[in-house]
Each structure stands twice: as structure tokens, then as C-alpha cells.
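Chains, contacts and geometry: an overview
The lines below spell out each chain.
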Amino acid sequence: MRQPDRAVVAVVRVDFRLRSSRSLKDKRSVVKSFLEKARDRFGIASCESGYLEDAGLASLTLAALDGRESSARERLRAAVVFLEDHYEVEVFAAVEEVF
């Protein structure tokens, strides 16, 4: 009997500086916008996971569930590139894990 394909969860934690954020309100606006667009464009789950009270720094955790590890990783990497290309941020760390 053939084994069913396994599901893969890929996770990336992205830490970045917000170049033009002067307040927590500015930061929340950028984070909320990105999280919504990442969910809609790349089909990923996400949350703000660090630097919650720092207006100039943010940490997001993004997760993709897929039948193929390569596909899940590609979606996460595309989301990080989208973040860098469409928002005034400087990513200084991105750590991936696959389960």
C-alpha cells in the first residue's frame, strides 16, 4: 500500500528595521498591511512575534503549509522579497525551519 504524501510546514522568522517609522502607530500600519498582503498573495499564515513595543524594529513569523517542502519554502522566500521590495524596511535576519 502506498504511503500518503506528508504535509510540510515551513516557518521563517524575519527581523527587520522600519526606516520611516516614528511611532508604534506607524509600525502597526506597515506590519498590518504586509501581513494582509502576504496572506492574500502567498497563502501564508503570519503574526507579529517580537519587538512589540519598539517603533523601529519588528519581528514577524510566517508559515506555509504544503505537500512539498520546496513549494512551502518558495512561498516564504517570495513573501520576504515582497516585504523588502514594497516597504521601507531593512531585513537583518531571516531564519527558516521546516517541520
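Rules and cut-offs
- Residues numbered from 1 in each chain as written.
- Predicted model: local features only at pLDDT ≥ 70, side-chain atom pairs only at ≥ 80, totals over all residues.
- Heavy atoms only, no water.
- Pairing = 2+ DSSP bridges.
- Helix = DSSP H or I, 4+ residues; strand = E, 2+ residues; numbered from the N terminus.
- Axes fitted to C-alpha atoms, helices over the stretch in contact; angles between N-to-C directions.
- Contact = heavy atoms within 4.5 Å.
- Core = buried A, V, L, I, M, F, W, Y, C linked by side-chain atoms within 4.5 Å.
- Buried < 20%, exposed > 50% of the residue type's maximum accessible area, 1.4 Å probe, protein only.
- Polar contact = N/O pair within 3.5 Å; in protein donor to acceptor, adjacent residues only side chain to side chain.

This paragraph deals with the sheet that holds strand 3 (residues 57–66). Spatial ordering of the open sheet is given by 2-3-1-4, a layout of four strands whose pairing is antiparallel. On the outer flanks of this sheet lie strand 2 (45–50) and strand 4 (89–98), each paired with one strand and no other. Between one strand and the next, the sheet's axes are offset by a mean angle of 20°, whatever the strand orientation. Sheet contacts for helix 2 (residues 69–86): strand 1 (8–18), strand 3 and strand 4; angle to strand 3, the most-contacted strand, approximately 150°.

Membership of the largest hydrophobic core comes to 23 residues, with the highest contact counts inside it found for Phe16, Phe34, Ile44 and Leu62. Put simply, the parts of the chain that give this core at least two residues each are strand 1, helix 1 (24–42), strand 3 and helix 2. The leading source of residues in this core is helix 2, at six residues. Setting aside residues up to four positions removed in sequence, Ile44 forms contacts with Ala38, Arg39, Leu62, Ala63, Ala64, Arg75, Leu76 and Ala79.

Relative to the helices and strands, Leu52 is located in the loop between strand 2 and strand 3. Separated by 24 residues in sequence, Leu52 and Arg28 place their C-alpha atoms 9.4 Å apart. If we skip the residues at most four places from it in the chain, Leu52 touches Leu24, Lys27 and Arg28.

A separate point is the pairing of strand 2. Pairing of strand 2 with strand 3 involves five bridges; the strand directions are antiparallel. Bridged to Ser46 within strand 3 is Leu62. Taking the residues between adjacent antiparallel strands as the criterion, strand 2 and strand 3 are bridged by six residues, where Tyr51 takes a positive phi near 55°.

Quick look at the side chain of Arg75 now. Looking at the element boundaries, Arg75 is found in helix 2. A distance of 2.7 Å separates a polar side-chain atom of Arg75 from the backbone oxygen of Gly43. Ignoring any residue separated from it by four or fewer positions in sequence, one finds Arg75 in contact with Phe42, Gly43, Ile44, Ala64, Leu65 and Asp66.

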